[in-house]
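Read off the chains here:
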Amino acid sequence: MLIRIYYEDTDCGGIVYYANYLKYFERARTQYLEERGLSVAWLMKEGTVFVVVHAEVDYRSPAHYGDRLRIETVVSDISAASFTFSHVIRERESQRVVVEGSARLAATDGNGKVKRLDKAMVAVLRFGPTRSH
């Protein structure tokens, strides 16, 4: 996923405001799921809401106004009711690592009660969508 850094993304020094990386992670997770046929809106309608229960961000080097960043996203761990996305954000041209981080998401029923992940969803998260021939 690509992100272009606009003035609104930066602090008064022209460097990306630190909290914005969590927003970029969120966009990348949503895109990751949707590319695998898991629409967040559909899941919510069907009674599955993901909540972030833990997040980590390691800032490696600053990104600046005008930069173009690439976000690499993978599912690095899956349990019965939660999974972890790992993210690496790089400056697109130089491939310099800007930020590394992760977020653990738990599946809930919409009322905040933790629920097990559907087996089909786990398979998609692990291996991608099933392709028919």
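Notes on the structure follow. Please read these numbers as outputs of a predicted model, since none were measured by experiment.

## Points about the overall build of the chain
- Scanning the chain from terminus to terminus reveals three helices and five strands.
- When its helices and strands are written in sequence order, the chain yields β-α-α-β-β-β-β-α.
- Along the three orthogonal principal directions, the C-alpha set of the chain runs to about 45 × 40 × 25 Å.
- Buried positions account for 38% of the 133 residues belonging to the chain.
- Of the roughly 8200 Å² of accessible surface on the chain, 51% is carried by carbon and sulfur atoms.
- Of the side chains in the chain, 19 bear a positive and 17 a negative charge, and the two mean positions are spaced by 5 Å.

## Focus on the side chain of Arg29
- Position of Arg29 relative to the elements: it lies in helix α1 (residues 20-35).
- With residues up to four places along the chain from it excluded, the contact list for Arg29 reads Val52, Phe85, His87, Ala103 and Leu105.

## Here we look at a nonpolar patch on the surface
- Side chains of Tyr17, Tyr18 and Tyr59 sit close together on the surface and give an oily, nonpolar patch of about 350 Å² of accessible area.
- Along the polypeptide, Tyr59 turns up in strand β2 (residues 49-59).
- In this structure Tyr59 comes out as partly exposed when scored by relative accessible area, which is 44%.

## Overview of the sheet that holds strand β3 (residues 68-78)
- With antiparallel pairing, the five strands of this open sheet are ordered in space as β1-β3-β4-β5-β2. The sheet is open, and its two borders are formed by β1 (2-4) and β2, each paired with just one other strand. Ignoring which end each strand starts from, the neighbouring axes of this sheet average 25° apart.
- By the bridge criterion, three bridges tie β1 to β3 in an arrangement that is antiparallel. Bridge pairing links Arg4 to Arg68 in β3.
- Sitting on the sheet, α1 touches β1, β2, β3, β4 (82-91) and β5 (97-108), and the angle it makes with β4 is about 115°.
- Helix-sheet contacts for helix α3 (residues 119-127) involve β2, β3 and β4, and the interaxial angle to β3 is about 130°.

## Notes on the environment of Tyr24
- Along the chain, the position of Tyr24 falls in helix α1.
- The exposure class assigned to Tyr24 is buried, which follows from its relative accessible area of 1%.
- When the C-alpha positions of Tyr24 and Arg104 are compared, they lie 15 Å apart, and in sequence the two are 80 residues distant.
- What Tyr24 contacts, discounting residues up to four positions off in sequence, is Ile3, Ile5, Asp9, Val16, Ile71 and Ile89.

## What to know about the pattern of salt bridges
- In this structure the tally under the stated criterion is eight salt bridges.
- With its nearest N and O atoms 3.7 Å apart, the salt bridge here joins Arg36 to Glu35.
- Under the relative-accessibility criterion, Arg36 is labelled partly exposed at 23%.
- Using a relative accessible area of 53% as the deciding quantity, one classes Glu35 as exposed.
- Asp58 is the partner of Arg60 in a salt bridge, and the nearest nitrogen-oxygen pair spans 3.9 Å.
- Each of Asp58, Arg60 and Glu100 takes part in salt bridges that share partners, so that together they form one network.

Thresholds, definitions, all that
- Residues numbered from 1 in each chain as written.
- Predicted model: local features only at pLDDT ≥ 70, side-chain atom pairs only at ≥ 80, totals over all residues.
- Heavy atoms only, no water.
- Helix = DSSP H or I, 4+ residues; strand = E, 2+ residues; numbered from the N terminus.
- Buried < 20%, exposed > 50% of the residue type's maximum accessible area, 1.4 Å probe, protein only.
- Areas by Shrake-Rupley, 256 points an atom, 1.4 Å probe, with all protein chains shown as cover.
- Lys, Arg positive; Asp, Glu negative; His and termini not counted.
- Charge placed at Lys NZ, Arg CZ, Asp CG, Glu CD.
- Contact = heavy atoms within 4.5 Å.
- Patch = residues over 30% accessible without salt bridge, like charges linked within 9 Å, V, L, I, M, F, W, Y side chains within 5 Å.
- Salt bridge = Lys/Arg side-chain N within 4 Å of Asp/Glu carboxyl O.
- Pairing = 2+ DSSP bridges.
- Axes fitted to C-alpha atoms, helices over the stretch in contact; angles between N-to-C directions.

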